[in-house]
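Understanding the architecture of this molecule
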Amino acid sequence: MLLHDQAVKNLGAEDYLVIANEHALLEKFLDNLREACACCKLGEQKSCTTCDPEKRASCQGRLPSFLYYVIDLAAKHFDHEEKIMLSRPHVTEDYRYFQLHHQAHADIMEKLNSLVDKCFALDKLNNPANIYRQFHQTLSDIFAAHDLEFDDPFIGSTKS
Ligand SMILES: [Fe+2]
Ligand SMILES: [Fe+2]
């Protein structure tokens, strides 16, 4: 994930560290999610048919805690990112790029929360490996799209 990599280069050293560390945590989260169910690990296209029911239930049961973790991580990160943006010269809450970026963060939070609902609505007979793959793909896509769409605006907002 290349979350705002170019953009954050324009930030002050301390702000850069905060943002870079949080982006690294988001990447680590996606890696952990991918490894969470042994059957859905990178390159493995197995399903959980050979796992016993307890193992399946435990894999599926751990998914909400992954989502709660990323919701917390993303909320804190977006908050930091926005505070840093607002601390830049010329950037106010009326600044168009700030508004767009802020709205994109709010949209992501909404999507993450709706994933929790989706997760609890899942049929217990589902194959956890597929569910983990789907959630990993969905979350990777959400963060990658944010990176792409807001990389340039963030560069603009961090230039004084
Ligand atoms: Fe970010
Ligand atoms: Fe952002």
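Look up a bit, the structure's there.
These notes cover the structure that comes with them.

Conventions and cut-offs
- Counting of residues starts from 1 at the beginning of each chain's written sequence and follows it residue by residue.
- Here every chain gets a letter starting at A, and every ligand a number starting at 1, in the order they are written.
- Local features in this predicted model are restricted to residues of pLDDT 70 or higher, and side-chain atom pairs are both shown and tallied only at a pLDDT of 80 or more, whereas totals for entire chains, interfaces and linings draw on every residue.
- Computation of side-chain values covers all heavy atoms of the structure but excludes hydrogens and water.
- Water is not part of the atom set, so a site may look incomplete; the donors themselves are N, O and S atoms within 2.8 Å of the metal, or 3.2 Å for Na, K and Ca.
- The secondary structure listing takes helices from DSSP runs of H or I that are at least 4 residues long and strands from runs of E that are at least 2 residues long, numbered from the N terminus.
- For every residue, the accessible area (1.4 Å probe, protein chains only) is compared with the maximum for its type, and the residue is labelled buried under 20%, exposed over 50%, or partly exposed between those bounds.
- The angle between two axes is taken between their N-to-C directions and runs from 0 to 180 degrees, where each axis is a line fitted to C-alpha atoms and a helix contributes only its stretch in contact.
- Here the word oblique covers every angle except those under 35 degrees (roughly parallel), over 145 (roughly antiparallel) and from 65 to 115 (roughly perpendicular).
- Three classes are used, and their members are as follows: Ala, Val, Leu, Ile, Met, Phe, Trp, Tyr, Cys and Pro are nonpolar, Asp, Glu, Lys and Arg are charged, and the others, Gly among them, are polar.
- The salt bridge definition used is simple: a Lys or Arg side-chain nitrogen within 4 Å of an Asp or Glu carboxyl oxygen.

Quick look at the coordination of the iron ion (ligand 1) now. In the first shell of the iron ion (ligand 1), the protein supplies His 23 (NE2), His 77 (NE2) and Glu 81 (OE), at 1.9 to 2.3 Å from the metal. In the primary structure, the donors to the iron ion (ligand 1) are separated according to the pattern H-x53-H-x3-E. Distance-wise, the iron ion (ligand 2) is placed 3.7 Å from the iron ion (ligand 1), both being coordinated by Glu 81. Linking His 23 in helix α2 (residues 13–35) with His 77 in helix α3 (residues 53–86), this pair joins segments that are 54 residues apart in sequence. Classification of His 77 by relative accessible area gives buried; the value is 2%.

Time to look at the packing of α3 against helix α4 (residues 96–120). Here α3 crosses α4 at 170°, and the two axes come no closer than 10 Å. Looking at the two axes, α3 sits roughly antiparallel to α4. Looking at side-chain class alone, the contact of α3 with α4 contains 19 nonpolar, four polar and two charged residues.

Once that is clear, we can look at the environment of Thr 50. Here Thr 50 shows up in the loop between α2 and α3. Residue Thr 50 is classed as exposed on the basis of its relative accessible area, which comes to 73%. C-alpha separation for the pair Thr 50 and Cys 39, spaced 11 residues apart in sequence, amounts to 9.5 Å.

Now for the pattern of salt bridges. Between side chains of opposite charge, a pair can form when the charged atoms approach closely. One pass over the structure, following the stated rule, counts two salt bridges. Put simply, Asp 72 and Lys 76 hold a salt bridge, and the shortest N to O gap is 3.0 Å. Residue Asp 72 and its partner Lys 76 are located together in helix α3, separated by four residues, close to a single helical turn. Asp 72 gets classed as partly exposed once you look at its relative accessible area, which sits at 39%.

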